[in-house]
Amino acid sequence: MSGEHTQRESGALGWTLFVVGFVGALFVGWVVFPKLLYSTQQQPLNFNHAVHMENDMACEDCHGFREDGSYVGIPQVEKCAECHEEPMTESEAEAKLVTEFVEPGKEIPWLSYTRQPDNVFFSHAAHVLMAEMECTSCHRDASQEEETPPVQVNRLTGYPKGIMKMYKCEDCHARASVHNGCDVCHK
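These notes cover the structure that comes with them.

Analysis parameters
Residues numbered from 1 in each chain as written. Predicted model: local features only at pLDDT ≥ 70, side-chain atom pairs only at ≥ 80, totals over all residues. Heavy atoms only, no water. Buried < 20%, exposed > 50% of the residue type's maximum accessible area, 1.4 Å probe, protein only. Helix = DSSP H or I, 4+ residues; strand = E, 2+ residues; numbered from the N terminus. Arc of directions from axis to C-beta. Contact = heavy atoms within 4.5 Å. Patch = residues over 30% accessible without salt bridge, like charges linked within 9 Å, V, L, I, M, F, W, Y side chains within 5 Å. Areas by Shrake-Rupley, 256 points an atom, 1.4 Å probe, with all protein chains shown as cover. Salt bridge = Lys/Arg side-chain N within 4 Å of Asp/Glu carboxyl O. Polar contact = N/O pair within 3.5 Å; in protein donor to acceptor, adjacent residues only side chain to side chain. Axes fitted to C-alpha atoms, helices over the stretch in contact; angles between N-to-C directions. Parallel < 35°, antiparallel > 145°, perpendicular 65-115°, else oblique. Left-handed = near helix turned anticlockwise from the far one by under 90°. Nonpolar A, V, L, I, M, F, W, Y, C, P; charged D, E, K, R; others polar.

## Quick word on helix α4 (residues 77-84)
Of all the residues in α4, the buried ones are V77, C80 and H84. Taken end-on, α4 shows its buried residues confined to a sector of 55°, consistent with a single buried face. Projecting away from the buried face of α4 at angles above 90 degrees are the exposed residues E78 and E82. Along its buried surface, α4 packs onto α2 (49-54) and α5 (92-102).

Structure below.
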């Protein structure tokens, strides 16, 4: 009788330890590990996308294509200077833009949210101009953002958390019946 009772207690203790260990492992895997894996970095300057959109600007006004068809990506400071040679508002961010970057002609060291690995070739022209895809098909919709969100960077790879994942490209290509071979995106 006493041996049977001890065996039941031992079984209950085993299950309890298993559940505690399992929940602990889930917590570490889903909560602790991601916080350790990614560092959070602030942009050098706050950029208010919403105020620019309120002034009838479009994404392509700053993130457009050059005359040779190549994509601008993050605009250079000379593009900002076209409107902000002098401050237009009382905004601290705009004052910083003008005094620290526009006046000295110094490029803003923006951090990329979607920097791709060196072995990946992504043509904005093929996607935006030829396939007529919206920017938000791949990028977050920043049009209503008043604050520039921080960039989370993987401490091991150095790539941002927002990097476009290959499975998303493959899925979109498959849905659009576009060639999905390795050489389409990889050099």
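## A closer look at a nonpolar patch on the surface
On the surface, W15, F18, V19, F22, V23, L26, F27, V28, W30, V31, V32 and L36 cluster together into a nonpolar patch covering about 1,200 Å² of accessible area. Of note, V31 is situated in helix α1 (residues 2-37). Owing to a relative accessible area of 33%, V31 belongs among the partly exposed residues under this scheme.

## Focus on unusual backbone geometry
With a phi close to 55°, E132 is a non-glycine residue in the positive phi region. Judged by relative accessible area, which is 65%, E132 ranks as exposed. Phi at S177 takes a positive value of approximately 55°, unusual for a residue other than glycine. What makes S177 exposed here is its relative accessible area of 69%.

## Examining α5
Within α5 the residues assigned to the buried category are E94, L97, V98, F101 and V102. Buried residues of α5 fall within an arc of 120° about the axis and therefore sit on the same side. In this fold, the buried residues of α5 make contact with α4. Between a side-chain oxygen at the N-terminus of α5 and the backbone nitrogen of A93 the separation is 3.2 Å; the capping residue is S91.

## A short note on the packing of α4 against α5
Angle between the axes and distance between the axes are the two parameters that describe a pair of packed helices. It is at 11 Å that the axes of α4 and α5 come closest, and there the two elements cross at 125°. Classified by the angle their axes make, α4 and α5 are oblique. Viewed along their axes, α4 and α5 form a crossing whose handedness is left-handed. When α4 is examined against α5, the residues V77, C80, A81 and H84 are found in contact with a partner set consisting of E94, L97, V98, F101 and V102. Residues belonging to the contact of α4 with α5 are distributed by class as follows: 7 nonpolar, 1 polar and 1 charged.

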